[in-house]
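These are the residues of each chain, in order.
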Amino acid sequence: MAHSGGSVANRTEEPRSRQTVQEEPLDALGRPLAFILTGGEAADCKAYDALISLPERSPGALLADKGYDAETIRADLAERKIETVIPGTSNRRVKIEHDRALYRQRNRIERIFGHLKVNRAIATRYDQLANSFLGMVYLATARYWLKFVHAA
């Protein structure tokens, strides 16, 4: 939700020269549900279509940063009856209000990236291929989820 996103399918054999960043929807407790990889230079809003079409259940709200502030995204969310919690960009002519209290929950997204980057291979993007990098992200996520399984 908060970082660049896109499609994994067309980038699986791409060398490391293109920086990859993952995108992820989280559940209400801040646990990652899925990932999408793109090149690091990709705009945030380019990831929206791939992110919203993930097979996970439809969210009640989309919490995202200003990179997702586009009329097409807002219209699609309204059509899907998903609450939009995206602050407007500074150059927007008409200011759009958002739920500031709910937007504060977005820090969970940033914290999960911090948890994942404890793994050196993820923080340094050590793997040469996107598939290998995504595999490391999945392993780190499984380790993170184990905390919740053992706590139950």
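From a predicted model like this one, the values you see are computed outputs, not experimental measurements. (Residues numbered from 1 in each chain as written. Predicted model: local features only at pLDDT ≥ 70, side-chain atom pairs only at ≥ 80, totals over all residues. Heavy atoms only, no water.)

**Q** Just give me the short version of the side chain of Thr141, but keep the residues and values in it.
**A** Tracing the sequence through the fold places Thr141 in helix H6 (residues 130-151). Judged by its relative accessible area of 7%, Thr141 falls in the buried class. Residues within four places of Thr141 in sequence aside, it is in contact with Pro32, Phe35 and Leu116. (Helix = DSSP H or I, 4+ residues; strand = E, 2+ residues; numbered from the N terminus. Buried < 20%, exposed > 50% of the residue type's maximum accessible area, 1.4 Å probe, protein only. Contact = heavy atoms within 4.5 Å.)

**Q** Can you tell me about the environment of Asn107, naming the residues and giving the values?
**A** Mapped onto the fold, Asn107 is located in helix H4 (residues 107-116). In the structure, Asn107 is positioned 44 residues away from Leu63 in sequence and 9.8 Å away in space, judged by C-alpha atoms.

**Q** Before we move on, can you summarise H4 with the specific residues and values?
**A** When H4 is considered as a whole, its buried residues turn out to be Ile109, Ile112, Phe113 and Leu116. Seen along its axis, H4 keeps its buried residues to an arc of 100°; they face one direction. (Arc of directions from axis to C-beta.)

**Q** Requested: an account of the confidence of the model for the protein chain, with residues and values cited.
**A** Averaged over the protein chain, the pLDDT score is 77; the fraction of residues at 70 or greater is 82%. Looking across the protein chain, the model is least confident in strand E1 (residues 20-23), with a mean pLDDT of 58, and most confident in helix H2 (residues 71-79), with 92. (pLDDT = per-residue confidence, 0-100.)

**Q** Summarise the pattern of salt bridges; cite the residues concerned and give the values.
**A** The final tally for this structure, using the stated rule, is 6 salt bridges. Across the pair Arg74 and Asp69 runs a salt bridge whose closest N-O atoms are separated by 2.9 Å. Take Arg74: its relative accessible area is 12%, and that puts it in the buried class. Beyond isolated ion pairs, a larger network of salt bridges with shared partners links Asp69, Glu71, Arg74 and Arg92. (Salt bridge = Lys/Arg side-chain N within 4 Å of Asp/Glu carboxyl O.)

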